[in-house]
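# Observations on chain architecture
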Amino acid sequence: MMSITTTQIGSVSLPSYVFGASGPNCTTLEQLQIVGRSDAAAIMIKTCTLEYREGNPEPRYVEVPLGSINSMGYPNLGYKEYLRIIPILKEFKKPIIASLGVLKASEFPTLIEAFNTADVDFLELNFSCPNLTGKPQIGYDFEMTDSLLKELVPLIKKPFGIKLPPYFDPVHWEQAATIFKKYPIGALVCINSIGNTLIIDPETEQPLIKPKGGFGGLGGDFVKPVALANVRAFSQLLGDKMSIIGVGGIKSGMDAFEFLLCGADAVQIGTQFMKEGPECFGRIDRELAEILKRKGYKSIAEAKGKLKPL
Ligand code: RRO
């Protein structure tokens, strides 16, 4: 029987609503096989770059009661290794999503061309890594975002989405939407971690993480209202043209239901995946299915974007 949480991102069908965010536990073949064996709707791969990267010095990921702070610095095996790994992941028979990241924008075409012919179902272009010293997030530079999309979109032969940083002003949602609607984007992924935040330990009088003097990307409970607002805003502006994938502080089926009401076509799990492990995907999806049934919704489509006015 088809699950009540079956959904779509762009033109790609997903067997359920919940999968991993590009970030936690999705860098090595072993980690990706664990995701493959889990109930995740898709196998999401850590953002890859042209070359292998060790990433930033540790400690670089710390969990606190309300979420997490990270400055991983793109640790990954380098794109060629993922091209080798992807055929091995086909045995799990679920959509495979590659996330592409760059140190310089001029690196995107090589990555795109390589993944065009790989057996992946969807590409996520990471326009929002907050943790590279001296590199602004692409998504905060609208001129750059527009010119990059203009250059890259004709090269992309797969369904694709863009991973966005959080925006905090309606003018920015509108300006971004004006750009995005010019291109055949399959999905917007909202949101990456809230960049360059600082958590300190007053006992040790030190920051919690080492890179960049302690400044890092915030995730978990802290960011859920920001993520919901970004999903809602882009859903209202562009929801008829592209899918919206929600990410930020989802720990339960009820959290996922809130993102669904705001217009999310699917959700990704970051901080909670780090904390709970791969059981989180099936658990959150089953909890969501129960909520939908209890409320009389028969599908994701029936509840999507149905936030009621007060
Ligand atoms: O690896 C990271 O430091 C990282 C990336 Br690429 C990203 O997109 N978001 C994040 O919080 N960390």
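It should be emphasised that the depicted structure is a prediction, and the values quoted were computed from it without experimental measurement.

## A closer look at helix H9 (residues 279-294)
Over its 16 residues, H9 extends 23 Å from the first C-alpha to the last, a length consistent with the 22 Å expected when each residue adds 1.5 Å. Buried residues belonging to H9 abut strand E3 (18-20), helix H7 (253-261), strand E16 (266-269), helix H8 (271-276) and helix H10 (300-303). Trailing H9 by a residue or two, Gly 296 shows a phi angle of about 85°, which is positive.

## Focus: the site of the ligand
Around the ligand lies a shell formed by Lys 46, Asn 70, Met 72, Gly 73, Tyr 74, Pro 75, Asn 126, Cys 129, Pro 130, Asn 131, Asn 192 and Ser 193. Asn 131 places a side-chain nitrogen or oxygen 2.8 Å from an oxygen atom of the ligand. Asn 192 is positioned with one of its side-chain polar atoms (N or O) 2.7 Å from a nitrogen atom of the ligand. In terms of residue class, the shell around the ligand is built from 5 nonpolar, 6 polar and 1 charged.

## Here's the deal with the packing of aromatic side chains
Applying the stated rule across the entire model yields 8 aromatic pairs. Plain terms: the ring middles of Tyr 140 and Tyr 167 are 5.8 Å apart, the flat faces sit at 80° to each other, and that makes the pair edge-to-face. Pair noted here: Tyr 140 is in the loop between strand E8 (122-126) and helix H4 (142-152) and Tyr 167 is in the loop between strand E9 (160-164) and helix H5 (170-180), with a separation of 27 residues, a long-range link. For Tyr 140, a relative accessible area of 40% gives the class partly exposed. Feature note: the residues Tyr 140, Phe 142, Tyr 167, Phe 180 and Phe 234 constitute an aromatic cluster, connected by ring pairs.

About the cut-offs
Residues numbered from 1 in each chain as written. Predicted model: local features only at pLDDT ≥ 70, side-chain atom pairs only at ≥ 80, totals over all residues. Heavy atoms only, no water. Helix = DSSP H or I, 4+ residues; strand = E, 2+ residues; numbered from the N terminus. Expected span 1.5 Å × (residues − 1). Contact = heavy atoms within 4.5 Å. Near = heavy atom within 4 Å. Polar contact = N/O pair within 3.5 Å; in protein donor to acceptor, adjacent residues only side chain to side chain. Nonpolar A, V, L, I, M, F, W, Y, C, P; charged D, E, K, R; others polar. Phe/Tyr/Trp six-rings, centres within 6.5 Å; stacked < 30°, edge-to-face > 60°. Buried < 20%, exposed > 50% of the residue type's maximum accessible area, 1.4 Å probe, protein only.

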